[in-house]
Amino acid sequence: MIRANDIIDKVADYYPAADFDIIRKAYAYSAYAHRNQVRLSGEPYMIHPIEVANILAEMKMDIASIAAGLLHDTLEDDPMTSIEDLSLRFGDEITALVEGLTKISKIKFKSSQEHQAENYRKMILAMVKDIRVLIIKLADRVHNMRTLDFQKSHRRQAIAQETLDLYAPLANRLGISWIKQELEDNSLRYLQPAIYRELEEKVARKELESRAFIDTVIKLVQRNLTHNGIQAQVNGRLKHFYSIYRKMVRRDIAFEQIYDIIAFRILVADKAECYNVLGIIHALWRPLPSRFKDFIGVPKANMYQSLHTTVIGPEGRHVEFQIRTHEMHQIAEMGIAAHWHYKEGYQLDDHDRQQMDWLRQMIEWQQDVDNPGEFLDSVKIDLFSEAVYVFTPAGDVKELPRGSTPVDMAYSIHSKVGDHCSGAKVNGKLVPLRYQLQNGEMVEIVTSNRQHPNKDWLAFVKTSKAKTKIRQWVKKEEERRSIELGRELCEKAFIRNKLSFNQALKSGKMQAAAEEFSLKHAEALLAAVGRGKLSARQVINRIFPEMRKSQKGKKSDKEEKRAARKPARDGISIKDIDDVMVRFAKCCNPLPGDDVVGFITRGRGLTVHRRGCRHVDKSNSERYMDVSWNLDRSSSHRVRIRVMSEDAKGLLVSLGTAISSQEANITSGTLQTTINQKAHCYFEIQVKDLEHLKRVKMALRGVKGVYQVTRIS
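Residues numbered from 1 in each chain as written. Predicted model: local features only at pLDDT ≥ 70, side-chain atom pairs only at ≥ 80, totals over all residues. Heavy atoms only, no water.

> In this structure, what is going on with the overall build of the protein? I would like to understand it.
Helix and strand content of the protein: 29 helices and 22 strands. Taken across its 713 residues, the protein has 51% of its residues classed as buried. Taking all contacts inside the protein whose residues are at least 6 apart in sequence as the whole, residues at least 24 apart take part in 65%. With an accessible surface of roughly 35400 Å², the protein has 49% of that area assigned to carbon and sulfur atoms. (Helix = DSSP H or I, 4+ residues; strand = E, 2+ residues; numbered from the N terminus. Buried < 20%, exposed > 50% of the residue type's maximum accessible area, 1.4 Å probe, protein only. Contact = heavy atoms within 4.5 Å. Areas by Shrake-Rupley, 256 points an atom, 1.4 Å probe, with all protein chains shown as cover.)

> Teacher, can you tell me more about the sheet that holds strand β11 (residues 443–447) here?
Strand pairing in a sheet is mediated by backbone hydrogen bonds. Such pairs are either parallel or antiparallel. One open sheet holds the 3 strands; their spatial order is β10-β9-β11, and the pairing between them is antiparallel. Each edge of the open sheet carries a strand with a single partner, namely β10 (429–431) and β11. The average angle at which neighbouring strand axes cross in this sheet is 35 degrees, direction not considered. In terms of strand pairing, strand β9 (residues 421–426) meets β10 through 3 bridges, oriented antiparallel. Residue pairing across strands places Val 426 opposite Lys 429, the latter belonging to β10. The strands touched by helix α19 (residues 406–413) within the sheet are β9, β10 and β11, with β11 carrying the most contacts at an inclination of about 80 degrees. (Pairing = 2+ DSSP bridges. Axes fitted to C-alpha atoms, helices over the stretch in contact; angles between N-to-C directions.)

> Quick question: what am I supposed to make of unusual backbone geometry here?
Most of the time, phi is negative for any residue but glycine, and the peptide bond is trans. The backbone of Lys 498 shows a phi angle near 55 degrees, a positive value even though the residue is not glycine. Position of Lys 498 relative to the elements: it lies in the loop between α21 (464–496) and α22 (501–506). Look at Lys 498 and you get exposed, because its relative accessible area is 77%. The phi angle at Ser 518 is positive, at roughly 65 degrees, despite the residue not being glycine. Here Ser 518 shows up in the loop between α23 (509–516) and α24 (522–531).

> How should empty space enclosed by the protein be read in this particular structure?
Empty space among the atoms becomes visible once a probe the size of a water molecule is rolled across them. Considering all chains together, one arrives at 4 cavities of 30 Å³ or more under this definition. Here the second largest cavity is characterised by a volume of approximately 70 Å³. Contributing to the lining of the second largest cavity are Ile 195, Glu 198, Leu 199, Lys 202, Met 248, Glu 646, Gly 705 and Tyr 707. At 4 residues, the largest contribution of residues to the lining of the second largest cavity is made by helix α11 (residues 193–227). (1 Å grid on protein atoms, 1.4 Å probe; cavity = no way out; pocket = protein on both sides within 12 Å on 5 of 7 lines; lining within 4 Å. Points joined across faces, edges and corners; volume = space filled by probe spheres on them.)

> Which parts of the structure should I look at to understand the sheet that holds strand β20 (residues 665–673)?
A sheet is described by the order of its strands in space; here 4 strands give the open sequence β20-β21-β19-β22, paired in antiparallel fashion. Edge positions in the sheet fall to β20 and β22 (706–712), since each has one partner strand and no second. Neighbour-to-neighbour, the strand axes of this sheet turn through a mean angle of 20 degrees, independent of strand direction. Alignment of strand β19 (residues 637–646) against strand β21 (residues 678–687), held across 10 bridges, turns out to be antiparallel. Residue pairing for β21: Val 639 is matched across the bridge by Ile 685. Along the sheet, helix α29 (residues 690–701) makes contact with β19, β21 and β22, crossing β22 at roughly 155 degrees.

> What exactly am I supposed to notice about the packing of helix α10 (residues 177–191) against helix α12 (residues 241–251) here?
A pair of packed helices is characterised by two quantities: the angle between their axes and the separation of those axes. With their axes 8 Å apart at the nearest point, α10 and α12 run at an angle of 65 degrees to one another. Facing α10, whose interface residues are Glu 184, Asp 185 and Leu 188, α12 presents Phe 241, Tyr 242 and Tyr 245. When grouped by side-chain class, the residues that make up the contact of α10 with α12 number 4 nonpolar, no polar and 2 charged. (Nonpolar A, V, L, I, M, F, W, Y, C, P; charged D, E, K, R; others polar.)

> Is there a simple way to think about helix α9 (residues 153–173) in this case?
The α-helix winds at 3.6 residues per turn, so residues separated by three or four positions along the chain end up facing the same way. For α9, spanning 21 residues, the distance from its first C-alpha to its last is 29 Å, which sits close to the expected 30 Å at 1.5 Å a residue. At Leu 164, α9 is deflected by roughly 40 degrees, the largest bend along its length. After α9 finishes, the residue Gly 175 shows a positive phi value of roughly 80 degrees. (Expected span 1.5 Å × (residues − 1). Bend = angle between axes of the 7 residues up to and from the residue.)

> It is not clear to me how the packing of helix α8 (residues 132–146) against α9 should be interpreted in this structure. Could you clarify?
In contact at an axis separation of 11 Å, α8 and α9 are set at 145 degrees when each is read in the N-to-C sense. Crossing hand, α8 versus α9: left-handed. Contacts between α8 and α9 involve Leu 134, Lys 137, Leu 138, Arg 141 and Met 145 on the former and, on the latter, Ile 159, Ala 160, Glu 162, Thr 163, Tyr 167, Leu 170 and Ala 171. (Left-handed = near helix turned anticlockwise from the far one by under 90°.)

> Looking at this model, I keep getting lost on the pairing of β20. Mind explaining?
Bridge analysis of β20 against β21 gives 8 bridges, and the strand direction is antiparallel. If you follow Gln 672 over to β21, its bridge partner there is His 680.

> Just checking my understanding: could you explain the environment of Gln 257 for this structure?
With respect to the element layout, Gln 257 can be found in the loop between α12 and β2 (262–268). Counting along the chain gives 419 residues from Gln 257 to Asn 676, while the straight-line C-alpha distance between them is 9.2 Å.

> What exactly am I supposed to notice about the packing of aromatic side chains here?
Given two aromatic rings, one states the distance between the centres and the angle between the planes to describe the pair. What the rule picks out here adds up to 9 aromatic pairs. Arranged with centres 5.5 Å apart and planes meeting at 85 degrees, the rings of Phe 494 and Phe 501 form a pair that is edge-to-face. A relative accessible area of 5% means that Phe 501 is categorised as buried. Ring plane angle 5 degrees and centroid distance 5.9 Å describe the contact between Phe 584 and Trp 629, whose orientation is recorded as stacked. (Phe/Tyr/Trp six-rings, centres within 6.5 Å; stacked < 30°, edge-to-face > 60°.)

> How do you make sense of the nonpolar core when you look at a structure like this?
Note that soluble globular proteins tend to have their nonpolar side chains buried in a common cluster. The biggest cluster of nonpolar side chains holds 103 residues, and the ones touching the most others in it are Val 11, Ile 266 and Phe 321. The dominant element in this core, judged by the number of residues it contributes, is α11, at 10 residues. If we skip the residues at most four places from it in the chain, Ile 266 touches Val 221, Leu 225, Ala 232, Gln 233, Val 234, Val 277, Ile 281, Phe 321, Gln 322, Ile 323 and Arg 324. (Core = buried A, V, L, I, M, F, W, Y, C linked by side-chain atoms within 4.5 Å.)

> Just to check I follow, could you spell out the pairing of β22 for this structure?
Moving residue by residue along a regular strand, the side chains alternate between the two faces of the sheet. Counted residue by residue, β22 has 6 buried out of 7 residues, so it is predominantly covered. Examined bridge by bridge, β19 and β22 share 6 bridges and lie antiparallel to one another. Within β22, the residue paired with Ser 645 across the bridge is Val 706.

> Help me understand the side chain of Ser 306, please; the structure alone is not making it clear to me.
Within the element layout of this structure, Ser 306 appears in the loop between β4 (293–294) and β5 (307–312). Within polar-contact distance, the side chain of Ser 306 engages the backbone oxygen of Ile 323 at 3.3 Å. Beyond its immediate stretch of four places on either side in the chain, Ser 306 contacts Lys 293, Asp 294, Phe 295, Ile 296, Gln 322, Ile 323 and Arg 324. (Polar contact = N/O pair within 3.5 Å; in protein donor to acceptor, adjacent residues only side chain to side chain.)

> Even after reading the chapter, I still don't get the side chain of Arg 132, so can you show me in this structure?
With respect to the helices and strands, the residue Arg 132 is situated in helix α8. There is a polar contact of 2.4 Å between the side chain of Arg 132 and the side chain of Asp 62.

> Before we go on, may I ask you to explain the pattern of salt bridges in this structure?
Where charged atoms from two side chains of opposite charge come close, those side chains can pair. Enumeration over the complete set of coordinates arrives at 21 salt bridges. A salt bridge links Glu 184 to Lys 180, with the nearest nitrogen and oxygen atoms 3.3 Å apart. Of the two residues, Glu 184 and Lys 180 both sit in helix α10, 4 residues apart, roughly one turn of that helix. For Glu 184, a relative accessible area of 8% gives the class buried. Here Lys 678 and Glu 646 are joined by a salt bridge, their closest N and O atoms 2.8 Å apart. You can see Lys 678 sitting in strand β21 and its partner Glu 646 sitting in strand β19, a full 32 residues away along the chain. (Salt bridge = Lys/Arg side-chain N within 4 Å of Asp/Glu carboxyl O.)

Pasting the structure below:
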């Protein structure tokens, strides 16, 4: 077990003048706070904060960060620990870091997704104040993933998926490549254990086979560099497991068909030598023009700089080279942590702050986006997307997600530019607004005061900022139209019943009726009528109850309330709405256990979608209804899955047996083979709920040769 002195020794190597008493004090405080706690492995809980602090020391972080790493779970796990006590003992800086790391555990949320979204909101808010919060959080996740074996199977899967979805991309955005790679590999290990073991064996064999080849290339490159008077460090390595797996899935190829699995790295003294080395490599072997990237001239947003080139090397094999300076390599491995000086009082300089603009954009999203699902989608879009680099007419570089359009570019300049974007010129030629921008293009935005955001733009814009701003505009317009339509419907209904609409409005009766429907004001009531959530008849009955009693066949108040609470068919419960026709969306086939949302469609009742389904009109959030699964009612639901595997004799029988072993019924199945000995199998099966589907997918992943099982719409 690591001790306080082990951490202090590491810190002393890079910062001999540090105040080591703070580390000792934090170590003692954390040990006392966790004194009666054990991890799932049976080990003392204190091992975890010590390991986190040790990772931070290996990253050469400052004393405050290491102390916060030791204390990061005390506020959550020890009821005797308070913010005031931490502040008194360790000061405001360390306390702020610990508070930023503390999970939201005492607030009740509507769904697990909302709980997760609120955690990320808090983390991102804390990150903007102090980026060290995220660096410590990543160190915490690294150790949790190293010890994930002791969690239950479903928890391992959930934690690994969360890590792959958010924490690995966050590490990438910070430029900390070693954390990104370790988190990705460990996530793959738990999400696809059979594939991970297979890759482990094949990579180990490949490494043995390639040792002589790697040595040959290194000697040849070193000899040519020395001949040209360049002192360089050259090494070769096989790519990490997850990057290999992604390439196999993306290109739909087997491991043996990946030819650029080896990457060589050349480290030199300065930028000029990087380009000299590039010329020498291209003189030795023929380059592949489509595989050259200059991240020195146009650095990535996470500060990464390097020259990438792929050549046809010895034996006709594709060989990738990464050429960079020693300083660039340090930043490539440690990202913003390499810029974080360990001495007290360091603040990010203007260059670092400019590189972290994406954090400030996330703050904009959390202010503008109310729906937690939309918030998480926004975060994932910017974390996952590969980048494209384009230029403004002034020569400024803009980094956008791949597939971005002139509208995305306009919103990245300013919200008003986006709102009034009427056209664009790319390299001097007019292009459509849905044109996808390419690397190196010069883009000029054309604006007009008569132009406003269009709902159709949502079909092609890529950036979160553009989507958020367009939805806000559409929402306002939809609200205005709903109020106008609601007013028109109410006025006609009032006239038919020989009543005065204006009098009801001026007397405050409409306001009172709105409050009875749990709406804030009369305009909200009119908007609800315009959207079809309420009828004009319901409004009249609420304002003039005597008319309701006089009408034949009308339900009593008690009957209306019972209808509002009545569970809909197929296990869906609807809140705060009269009895309504319900159907399940065929585009996403929701299952019990899925996070779902109801969407009102005029004339078609309520359609239940999986939250995040791309066919839900996100610009009309007012039409969303709160729905939930009534799990007391059991029924079977159809769902489609795709199984990708190696083609083999008896494959269909093995897959069918795996599905049947989990008591799931197969309603249809098809199999397609490819020329590279791959098989794509599509099944429509009947399952009870999401957990039942997970068990089926787990059984399918256990079939030899299967490397991916996905649920499809």
